[in-house]
Amino acid sequence: MRAIITGITGQDGSYLTELLLGKGYEVHGIVRRSSTMQRPRLDHQVHDQSIYGKKLFLHYSDLTDTTSLRRIIQRVEPTEFYHLAGQSHVGLSFDIPESTCELTAMGTLRILEILRDLSPTPKFLHASSREIFGTPTHSPQDESTPVNPNSPYGAAKAFANQLVKIYRESHGLFFCNAICFNHESPRRAENFVTRKISLAAAKIKLGLQNELLLGNIDTQRDWGFAAEFVDAMWRILQQPSPKDFILATGQSHSVQEFIQFAFQHVGLNWKDYYRLDPRFHRPTEPQNLLGNASFAERELGWKHKTSLQQLAALMVDHDLSLLEHPQAPH
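A short tour of the structure in this document, coming up. (Residues numbered from 1 in each chain as written. Predicted model: local features only at pLDDT ≥ 70, side-chain atom pairs only at ≥ 80, totals over all residues. Heavy atoms only, no water.)

Regarding the overall build of the chain
Our working definition: Segments assigned H or I by DSSP are reported as helices when at least four residues long, segments assigned E as strands when at least two residues long, and all are numbered from the N terminus. Every radius of gyration here is taken over C-alpha atoms, with the globule rule written as 2.2 Å times N^0.38, N being the number of residues. Each residue's exposure class comes from its accessible area (1.4 Å probe, protein chains only) as a fraction of the maximum for that residue type: buried when under 20%, exposed when over 50%, partly exposed otherwise. Every residue pair with non-hydrogen atoms within 4.5 Å of one another is taken to be in contact. Just so you know, the count uses Lys and Arg for positive and Asp and Glu for negative, and it drops His and the chain ends. For the purpose of locating charges, the reference atoms are NZ of Lys, CZ of Arg, CG of Asp and CD of Glu.
Each helix and strand counted, the chain has eleven helices and 13 strands in total. Computed over C-alpha atoms, the radius of gyration of the chain comes to 20 Å, within 12% of the 20 Å expected from 2.2 N^0.38 for 330 residues, which places it in the range of a compact globule. The principal-axis extents of the C-alpha atoms in the chain amount to approximately 60 × 50 × 40 Å. Looking at the chain residue by residue over its 330 residues, the buried ones come to 52%. For the chain, contacts bridging at least 24 residues in sequence account for 79% of all contacts bridging at least 6. Counting 34 positive and 35 negative side-chain charges, the chain places the averaged centre of each group 3 Å from the other.

Now the structure itself:
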């Protein structure tokens, strides 16, 4: 089996790479050329001479560069294609809506057009998002919930999500959406709220920071563990027929609860350190976003295992280790 992963250097891409390598895949990642060569989430594999260049390969391209994407895909001839790349920060999408739509929406369309010209066409998975529901008509949401985004990121993802369905139904292709609710891990980027919280808890515990600045902490999220979500993505492409799946925990927690879990883990009272900062308020907040993953549980045999409290502890422990031993591999 040979897989291509866009967004391989991100949180989900790195976990998926480990999963596929463990299953004997040859893995090809598409990465953007940048001024830094640091890819900490992939360091272990890249520096392993038994893996890199033999089972794992990285290729330079960009979601805006159709020519290089086509060249790489035609050369690799993948059996599976996992599309995880794109501008994925919801709050940031209000500041950079044009580039968000260019990468997240049009980037997906370019890939779909390239793939449908291949023979055989690889199985394709698009990492969609709960943000396509935005302001949902009912809660919890399932695969039949109407699309109703309320952010530029949600609108871009909705465009990509619907195109995957159109290409599947119009061209008879094995194209699927994994409609992911929030999923976090120690590999989450530092501009996401959960990682900002886990880092703050670790830094305050070590005397490196004095307070945690956040916006509205009453908002609710359905949070899962990223490593478990990529397992579901792989399972989706092993099914006998292509379908879309909601991936979620079915449990709703506030940002405040995550703060409480993180600070409790290091023996601190979060109320002593949290400060409201209006700069972090979003123009709109998603409401009543809660996933019903019963279809995935029934069809894929998949269900989340890690609780939010366990996830917060995992992330804080990682950040403590990172701060105390910055040169050690993580």
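Regarding the sheet that holds strand 1 (residues 2–6)
Within a sheet, each strand pairs with its neighbour through backbone hydrogen bonds, oriented either parallel or antiparallel. The condition is simple: Each pair of strands is called paired provided DSSP finds at least two bridges between the two strands. Structural elements are reduced to axes, namely lines fitted to C-alpha atoms, with helices fitted over the stretch in contact, and the angle between N-to-C directions of any two is expressed from 0 to 180 degrees.
As summarised here, the arrangement of the seven strands in space is 3-2-1-4-5-6-11, forming an open sheet in which the pairing is parallel. In this open sheet, the two edge strands, each paired with only one partner strand, are strand 3 (56–60) and strand 11 (245–247). The average undirected angle you get between the axes of adjacent strands in this sheet is 20°. Here three bridges tie strand 6 (residues 175–180) to strand 11, and the two strands are oriented parallel to one another. Paired with I179 across the bridge in strand 11 is I246. Of the strands in this sheet, strand 1, strand 2 (26–31), strand 3 and strand 4 (80–83) are in contact with helix 3 (residues 66–76), which crosses strand 3 at around 155°. Contacts from helix 8 (residues 226–236) reach strand 4, strand 5 (123–129), strand 6 and strand 11 within the one sheet, and its direction differs from that of strand 6 by about 160°.

Looking at the pairing of strand 2
Quick reminder of the rule: Crossovers are marked right-handed if the path from the first strand over the helix to the second runs clockwise, as seen with the strands pointing away from the viewer.
In terms of burial, strand 2 is largely enclosed, as five of its six residues are buried. Sheet topology note: the strand 1/strand 2 ladder contains five bridges and is parallel. If you follow A3 over to strand 2, its bridge partner there is V27. The handedness of the strand 1 to strand 2 crossover, carried by helix 1 (residues 11–22), is right-handed. Across five bridges, the pairing between strand 2 and strand 3 is parallel. When the sheet's bridge partners are listed, H28 is paired in strand 3 with F57.

So, the environment of E211
Among the secondary structure elements, E211 is positioned in the loop between helix 7 (193–205) and strand 8 (212–214). In this structure E211 comes out as partly exposed when scored by relative accessible area, which is 35%. Setting aside residues no more than four positions away along its own chain, E211 makes contact with I204, Y273 and R275.

A few points about the nonpolar core
To be explicit about the condition: In this text, buried Ala, Val, Leu, Ile, Met, Phe, Trp, Tyr and Cys residues form a nonpolar core when linked through side-chain atoms within 4.5 Å.
L20, Y82, I197, M233, L247, I259 and F263 are the most contacted members of the largest nonpolar core, which totals 63 residues. With seven residues, the single largest contributor to this core is helix 8. The residues touching F263, leaving out its near neighbours within four places in the chain, are I197, A200, A201, I204, L212, L268, W270 and Y273. Counting 20 residues, the second largest nonpolar core, distinct from the first, contains L69, A85, I111 and F124.

Quick word on helix 9 (residues 255–265)
Within an α-helix, residues lying three or four positions from one another point in the same direction, as the helix has 3.6 residues per turn. For helix 9, the complete set of buried residues consists of V255, F258, I259, F261, A262 and F263. Residues of helix 9 that are buried make contact with helix 7, strand 8, strand 12 (253–254) and helix 11 (308–324). Downstream of helix 9 by a residue or two, G267 has a phi angle that is positive, lying close to 75°.

Focus: helix 1
Going by this rule: The span you would expect from a helix comes to 1.5 Å times its residue count less one.
Across its twelve residues, helix 1 extends 17 Å between first and last C-alpha, which sits within 8% of the 16 Å expected from 1.5 Å per residue. Counting buried positions over the twelve residues of helix 1 gives nine, a clear majority of the element. The set of residues buried in helix 1 consists of Q11, D12, G13, S14, Y15, L16, T17, L20 and L21. At the exit of helix 1 stands G24, carrying a positive phi of roughly 90°.

What to know about the packing of helix 9 against helix 11
Quick reminder of the rule: Here roughly perpendicular refers to angles of 65 to 115 degrees, roughly parallel to angles under 35, roughly antiparallel to angles over 145, and oblique to all remaining angles. Note: crossing handedness is left-handed where the near helix turns anticlockwise from the far helix by less than a right angle, and right-handed where it turns clockwise. Each residue gets one label: Ala, Val, Leu, Ile, Met, Phe, Trp, Tyr, Cys and Pro are nonpolar, Asp, Glu, Lys and Arg are charged, and the others, such as Gly, are polar.
Two numbers describe how helix 9 lies on helix 11: the axes approach to 9 Å, and their chain directions differ by 55°. Taken as axis vectors, helix 9 and helix 11 run oblique relative to one another. Crossing geometry of helix 9 relative to helix 11 is assigned as right-handed. Judged by residue contacts, F258, F261, A262, Q264 and H265 of helix 9 engage L308, Q309, A312, A313, M315, V316 and D317 from helix 11. Its residues assigned to classes, the contact of helix 9 with helix 11 shows eight nonpolar, three polar and one charged.

What about the packing of helix 1 against helix 8?
Put simply, helix 1 and helix 8 touch, their axes get as near as 9 Å, and they point 60° apart. Taken as axis vectors, helix 1 and helix 8 run oblique relative to one another. Every pair of crossing elements has a handedness; the one defined by helix 1 and helix 8 is right-handed. Along the contact surface, helix 1 presents Q11, D12, Y15, L16, L19 and L20, while helix 8 presents A226, A227, V230, D231, M233 and W234.

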